[in-house]
Structure formats: structure tokens, C-alpha cells
Amino acid sequence: MSKPKKGKNVTTKATRVSRNKNKVKQSQIKQSQVKQKTRMATKKEKEKKIKQRKRRIRLFNVFLSLLGIAFLGVVIYLLLQVPIQSIIVKGNIYLSDQEVIDMAGIREYPKTIPTSSIKIEKNLIQNDLILKATVKKGDFLRKVVITVEENKPLFYYQPDDLVVLQDGTKIEGNFRVPIVLNQIPEDVYKRFLKNMVSVPNDVLIKISEIRYYPTDVDAELFLMAMNDGNYVYVTLPKFERIYDYLEYAEGLGNKKGILHLDSGEYVEVLEGK
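The text that follows walks through the structure, step by step, so that each part is easy to find. (Residues numbered from 1 in each chain as written. Predicted model: local features only at pLDDT ≥ 70, side-chain atom pairs only at ≥ 80, totals over all residues. Heavy atoms only, no water.)

1. Some thoughts on the pairing of strand S12 (residues 266-269)
Pairing of strand S11 (residues 257-260) with S12 involves four bridges; the strand directions are antiparallel. Bridge pairing links Leu259 to Val267 in S12. Linking two consecutive strands that pair antiparallel, namely S11 and S12, is a turn of five residues; a positive phi of about 55° is found at Glu265 within it. (Pairing = 2+ DSSP bridges. Helix = DSSP H or I, 4+ residues; strand = E, 2+ residues; numbered from the N terminus.)

2. What about the pairing of strand S5 (residues 162-165)?
One ladder, built from four bridges, connects strand S4 (residues 153-157) with S5; its direction is antiparallel. Bridging across to S5, Phe155 finds its partner in Val164. Between the antiparallel neighbours S4 and S5 lie four residues, among them Asp161 with a positive phi of about 60°. In terms of strand pairing, S5 meets strand S6 (residues 170-171) through two bridges, oriented antiparallel. The partner of Val163 across the bridge, within S6, is Ile171.

3. Comments concerning helix H4 (residues 186-197)
For H4, built from 12 residues, the straight-helix expectation of 16 Å at 1.5 Å per residue is met to within 8% by its first-to-last C-alpha distance of 17 Å. Where H4 is concerned, the buried positions are Val188, Tyr189, Phe192, Leu193, Asn195 and Met196. Down the axis of H4, the buried side of the element spans an arc of 165°, and every buried residue falls inside it. Seen from the open side of H4, the exposed residues pointing more than 90 degrees away from its buried face are Glu186, Lys190 and Lys194. (Expected span 1.5 Å × (residues − 1). Buried < 20%, exposed > 50% of the residue type's maximum accessible area, 1.4 Å probe, protein only. Arc of directions from axis to C-beta.)

4. Quick notes on the nonpolar core
In this structure, Phe155 and Phe192 are the most contacted members of the largest nonpolar core, which totals 30 residues. The set of elements that each furnish at least two residues to this core consists of S4, H4, helix H5 (201-204), strand S8 (207-212), strand S9 (221-226), strand S10 (231-235) and helix H6 (245-252). Residue contributions to this core peak at five residues, all from H4. Sequence-distant contacts of Phe192, that is, excluding residues within four places in its chain, are made with Phe155, Val180, Ile184, Ile210, Phe222, Leu236 and Phe239. Ranked by size, the runner-up nonpolar core spans 23 residues in total, among them Ile101, Ala104, Val144 and Val177. (Core = buried A, V, L, I, M, F, W, Y, C linked by side-chain atoms within 4.5 Å. Contact = heavy atoms within 4.5 Å.)

5. With respect to a negative patch on the surface
Together, Glu240, Asp244, Glu247 and Glu250 give the surface a local cluster of negative charge. For Glu247, the position within the fold is in helix H6. Judged by relative accessible area, Glu247 falls into the exposed class, the value being 60%. (Patch = residues over 30% accessible without salt bridge, like charges linked within 9 Å, V, L, I, M, F, W, Y side chains within 5 Å. Areas by Shrake-Rupley, 256 points an atom, 1.4 Å probe, with all protein chains shown as cover. Salt bridge = Lys/Arg side-chain N within 4 Å of Asp/Glu carboxyl O. Lys, Arg positive; Asp, Glu negative; His and termini not counted. Charge placed at Lys NZ, Arg CZ, Asp CG, Glu CD.)

This is the structure we're talking about:
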């Protein structure tokens, strides 16, 4: 039996080793490719899930937004239906609460939001008897508080058959004010009006009649007949003396008299009265 050749066996063995290495290498490459594909698939799956999650979040946010808008719409609708339930009037003396409410245009207690404070104020100041008006709402807009500054009626000017207000406006009406019996010259009238504005209300209601009573000495003299039976002479330069009429009247006690507040500031008691 012949012996195998040594060189051929070595070559065959090397070839097998080389083949095995190639197989291992190819196997490793395949494994690497599989891992890479797996990672790519996993990455795509994660991206897909992230996109789906973001989409669900966006849809949820849209739903919440629509729900919020719907809720807000319901709230606004309900607020628009709320009527005025309480009206309080302040600052009025000559006008009754109901007259102010009527002037404001809210006699029927309308819905509060469409009836804005500005609208009510505009309605009020359109009337000659109101100089200023402020309107505030409270108690969830159901209560309306109206504060007015009246254009005070000062006197009934008989020559024009009209009532004169503190800003000089003349209107028709029936108010508890003094009657000016005769015509007053324009220049004297303006100063007289300005002085009458400052007469306290508790004194104004005591004056029954006013007569322009000029003399050679005093062209700005007035004679006032009072409701309590007294008479008062007063001149425009010292007109503020009439503001203290109640104190002068109290000094007379049960007697009646003529108060000369134009110059000497003395009292003439009327006999038998």
C-alpha cells in the first residue's frame, strides 16, 4: 500500500479551513444584515407608533377644543338670556326712582348683557333733568345700580311760563320751586341764576315767590316771600346771606318779619303777626 502524499493533504486541509472561515464570515455577515434589518424594522415600528400616538394626541386636543368651544357657547347663550332682576337708583331728589328707570329704558327689566351700562347712561343724559349718570352692574350682572346727578329745577320763570334748571335750560313741568314773578334784565338774570344754583335745598323749598325789585340805589335787589310768612330783601352781591335763612327765621321765634339782608342785615318785626 502506497502512502498519501504529504503536500496534497496539507493543501486540502488549508482549503477546508479557508472554506470554513468564509462560511463563518458569510454567516456573520448574514447575521449582521439580519440584525440591521431587525433594527431598521424596530425603528420603523417605533416611528410608526410615535406617529400614531401624536395623531391620537392631536385628535384628542381637537376634541377638547371643540368641547371647550361648545361649552363656552352654551355659557354665553345662557348669559345672554339673564334678565335684570334688581334696579337701585341713587342721587335723585326731584325725579322718582320709577321716572329714572323709565328714562333709562329698563322699565321691563330686559336682558342684562344686550342692555349695556353705556347704553343706559346715554338714555339718561338725553333727558334735560339729568346732568350726569353712572351705571354699574353687580350680582353676576343681574343688579343694576344707577347714580344720577340731577339738573336741579331752580325756579318757575313766570314771564316765559317755564321752569329754569341749574344749567339754564328751560322746560315745562311741575316742581316745588319758587315763582319768579316778573321779567329780569338779561345781565342781572345771568348772575341771579348763578347765585340760585348754590341755594341749599332746605332753603329753596322755603321760598314761595321772588320779585325783581330794583331801586335807584340798588339795581340788583330782590324781594322774596317765604312760605312761613316772612319776607326777605337780598341783593346779588350779598346773595349768600339767604343760604342761612333758617337761622334767621329761628331767631324770630313765633313772630313774622322782614329780613333786610341787602345792606344793613337787620330784621323788621311785623306787628300783629
